[in-house]
Amino acid sequence: MATKLNSGGSGTRSSVAIFVVVGLCCFFYLLGAWQRSGFGKGDFIALQMTKGGADCNILPDLNFETHHGGEAGVVDVSDSTIKTIKPCDPKYTDYTPCQDQRRAMTFPRENMNYRERHCPPENEKLRCLIPAPKGYVTPFPWPKSRDYVPYANAPYKSLTVEKAIQNWIQYEGNVFRFPGGGTQFPQGADAYIDQLASVIPIKNGTVRTALDTGCGVASWGAYLWKRNVIAMSFAPRDSHEAQVQFALERGVPAVIGVLGTIKMPYPSAAFDMAHCSRCLIPWGVNDGMYMMEVDRVLRPGGYWVLSGPPINWRNFYKAWQRPKEELEEEQRKIEEIAKLLCWEKKSEKGETAIWQKSVNAESCRRSEDDSQATFCERADADDVWYKKMEKCITPYPKAKGDEDSEGEVKPFPERLNAVPPRIASGSIPGVTVDTYMEDNKTWKKHVKVYKNTIKIIDSGRYRNIMDMNAGFGGFAAALESPKLWVMNVVPTIAKKNTLGVVFERGLIGIYHDWCEAFSTYPRTYDLIHANRVFSLYKDKCNFEDILVEMDRILRPEGAVIIRDEVDVIVKVKKIVAGMRWVTKLMDHEDGPLVPEKILIAVKQYWVVGDNSTSSQ
């Protein structure tokens, strides 16, 4: 099996030179044929395209040689003073700037502070290109990637030993195999999810978005996918070696993160379900602060699953080899905090307990004459970037008539294009239902052009996709497919906080400041979409830093779509010219007189040793 699934990392690559000099028409043909995959040179998409030969009629009638009419005249993007951005030293192959291990150890260990984001100061930023390891190949397409990862892409074996009896991961020749096991689901993730589905309405679309805290290699999220549930998984960097890196190699949404001292980078009332399977989070400490943070991001009526110690401690304390008095007190605290939060326990079976957050907390609290609940005073429950976690309960949305102003979301997939409650209620200043509907229409048009231009965009070749400035999630909604998922990023400096809308549509996303590095390993996204990101940040931070970060998280032979004003695009293209990207400029869909342009790029394939020199 291992040999059959060999990712085929050997062999020379002469197509880089060809790629640069081919005619414009064949640029996107080669985008598919040139890309390396887990099956050897050229993936299955390229093979399908090759059967018909290099058909240069695959492109629509679009003008790629961008020029701008009117006063601006012709755009000249040539410049003889291009700065070459050099490769980083090979030791930085898996560098994660804001979760660097050496820097982390200088911070306090209390409440996991040292495992949180600690980004390098300006004078310590690496301004070089992160190399891929030797033998790197494009991951297998989904769903094969769920079960197999090329060894060369994440060459770390410690988990195969440490978690051998728990069936997390196995090493077979030159691939890793993920059997779907876990510490709390020895019978496999499917059987475990079936158990949860006997209590939680997973099948009917009521539960669509999930949060997996301390996710391991994210098998829970991986197996939820076929049930139309998308999980945001997170775990600390290298608590167990490369766990988040493995999750993303498998094609499962994941970020590096931890419940420590800072709030999670998600809006309030975002997730339909939250999950902890032996995630090692001390839920009962700090007056229940971590449970209160889960409560903040959990939608009214949402579910919380806790699997493992101390649940049902009477029957399992011997197997866990822990004092029963300690476990009893741990569960007592959890039950006490859950009651304070108005969570109702729905099930306790084996080592798994399930609570449901009340849809209407007032009715719950009226029945508790001596409620000790302390409510947060912060006006904006979504203002969370680098904000400290609080020992208080986030109030429910203010009532409007007989219903909560946020309202109820529809089952998925209906909710994807329905008017989100935050917009229907007027919760986002300046945004109307008409604004939202027009945005949807616009992104359907944009994505149609993207698909006609990059033929493989929804073929399965791209699995992990990022939208750097997601807005209402229109790009992701227009792309929606079981073959891919989109990380919808709402910049912390965006004029409108729309991430709650993204989640109400049944999509997932995160807050982020693009002046800093993203909380992920290198080479974890296949396609990056940047809509007016550079215009947003032009007075905030260096374009080069943003582009170098994009290169870090983009896979070799991954693609980038940058949509922005023409003057911004010209500046970006000049920087990109020194970055080992192949680019083409394209006019706006509505013609050359529109000042917004599109820059499409492909990151060239190169690995450690390809003229790598240390640069900083």
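Please refer to the structure placed before this passage.
Just so we're clear, the structure is a prediction, and the values are computed from it rather than from any experiment.

## Thoughts on the pairing of strand S14 (residues 485–491)
So, point 1. A large share of S14 lies buried, amounting to 7 of its 7 residues.
So, point 2. Going residue by residue along S14, you find Trp485, Met487, Val489 and Pro491 tucked away on one face and Val486, Asn488 and Val490 tucked away on the opposite face as well.
So, point 3. When strand S13 (residues 464–467) meets S14, the two strands line up parallel, connected through 4 bridges. By the bridge assignment, Met466 is partnered in S14 with Met487.

## Looking at the sheet that holds strand S9 (residues 343–349)
So, point 1. Taken in spatial order, the 7 strands line up as S6-S5-S4-S7-S8-S10-S9 in an open sheet, and their pairing is mixed. The open sheet terminates on both sides in strands that have one partner only, identified here as strand S6 (254–256) and S9. Each strand of the sheet is rotated relative to its neighbour by a mean of 20°, with strand direction disregarded.
So, point 2. By the bridge criterion, 4 bridges tie strand S4 (residues 209–213) to strand S7 (residues 271–277) in an arrangement that is parallel. The residue bridging Leu211 from the neighbouring strand is Ala274, located in S7.
So, point 3. Packed on one face of the sheet, helix H10 (residues 289–297) meets S4, S7, strand S8 (298–307), S9 and strand S10 (352–357) and runs near 135° to S8.
So, point 4. Its contacts with the sheet place helix H12 (residues 324–340) against S8, S9 and S10, and it is angled at close to 140° to S9.

## Some points on the sheet that holds strand S1 (residues 148–150)
So, point 1. Here 3 strands make up an open sheet; going across it, the order is S1-S3-S2 and the pairing antiparallel. The sheet is open, and its two borders are formed by S1 and strand S2 (170–172), each paired with just one other strand. With strand direction ignored, the average angle separating the axes of adjacent strands in the sheet is 30°.

## Considering the nonpolar core
So, point 1. Counting residues in hydrophobic clusters, the biggest one holds 137 residues, and the most contacted among them are Tyr266, Trp283, Trp304 and Met550.
So, point 2. Mapped onto the domain boundaries, this core takes at least three residues apiece from domain 1 (189–357) and domain 2 (414–603).
So, point 3. Core analysis: the second largest hydrophobic core is formed by 9 residues, Val149, Trp168, Val217 and Ala242 among them.

## A word on H10
So, point 1. Counting buried residues along H10, 9 of its 9 residues qualify, which places the element largely inside the surrounding structure.
So, point 2. By the burial criterion, the buried members of H10 are Met289, Tyr290, Met291, Met292, Glu293, Val294, Asp295, Arg296 and Val297.
So, point 3. Check the buried side of H10 and you find it contacts S4, S7, S8, H12, S9 and S10.

## Section: the environment of Thr106
So, point 1. Take Thr106: it is sitting in the loop between helix H4 (101–104) and helix H5 (144–147).
So, point 2. Note on Thr106: relative accessible area 61%, which makes it exposed.
So, point 3. Separated by 12 residues in the primary sequence, Thr106 and His118 place their C-alpha atoms 9.9 Å from one another.
So, point 4. At 2.6 Å, the side chain of Thr106 forms a polar contact with the backbone oxygen of Arg103.

## Topic: the state of the cysteines
So, point 1. According to the stated counting rule, one finds 5 disulfides in the structure shown.
So, point 2. Disulfide pairing places Cys88 opposite Cys128 at an S-S distance of 2.1 Å. The sign of the 100° torsion about the S-S bond sets the Cys88-Cys128 disulfide as right-handed. Taken together, the residues span a long stretch of sequence, with Cys88 in the loop between helix H3 (44–51) and H4 and Cys128 in the loop between H4 and H5 at a distance of 40 residues.
So, point 3. We classify Cys88 as buried; its relative accessible area is 0%.
So, point 4. The disulfide bridge from Cys98 ends at Cys119, spanning 2.0 Å between sulfur atoms. Measuring the twist about the S-S bond at about 110°, one finds the Cys98-Cys119 disulfide to be right-handed. Of the two residues, Cys98 is situated in the loop between H3 and H4 and Cys119 in the loop between H4 and H5; the sequence distance between them amounts to 21 residues.

Conventions used here
- In this convention, every chain numbers its residues from 1, walking through the sequence in written order.
- In keeping with the model being predicted, local features are shown solely for residues with a pLDDT of at least 70 and side-chain atom pairs are shown and tallied solely at 80 or more, while totals for entire chains, interfaces and linings include all residues.
- Neither water nor hydrogens contribute to the side-chain values; these are computed over all heavy atoms in the structure.
- Here the term buried applies to any residue with accessible area under 20% of the maximum for its type, exposed to any over 50%, and partly exposed to those in between, with areas from a 1.4 Å probe on protein chains only.
- A run of H or I in DSSP counts as a helix once it spans at least four residues, and a run of E counts as a strand once it spans at least two, with each numbered from the N terminus.
- A pair of strands is treated as paired once DSSP finds two or more bridges between them.
- Here, axes are lines fitted to C-alpha atoms. For helices the fit covers the stretch in contact, and angles between N-to-C directions go from 0 to 180 degrees.
- Working rule for contacts: check all heavy atoms of both residues, and any pair within 4.5 Å makes them a contact.
- Side-chain atoms within 4.5 Å are what join buried Ala, Val, Leu, Ile, Met, Phe, Trp, Tyr and Cys residues into a set we call a nonpolar core.
- Residue ranges assigned to each domain were obtained from an automatic or database domain assignment.
- In the analysis that follows, any N or O atom pair within 3.5 Å is treated as a polar contact, provided that within protein one partner can donate a hydrogen and the other can accept it, and provided that, for residues neighboring in sequence, both atoms belong to side chains.
- Cysteine sulfur atoms that come within 2.5 Å of each other are treated as a disulfide pair.

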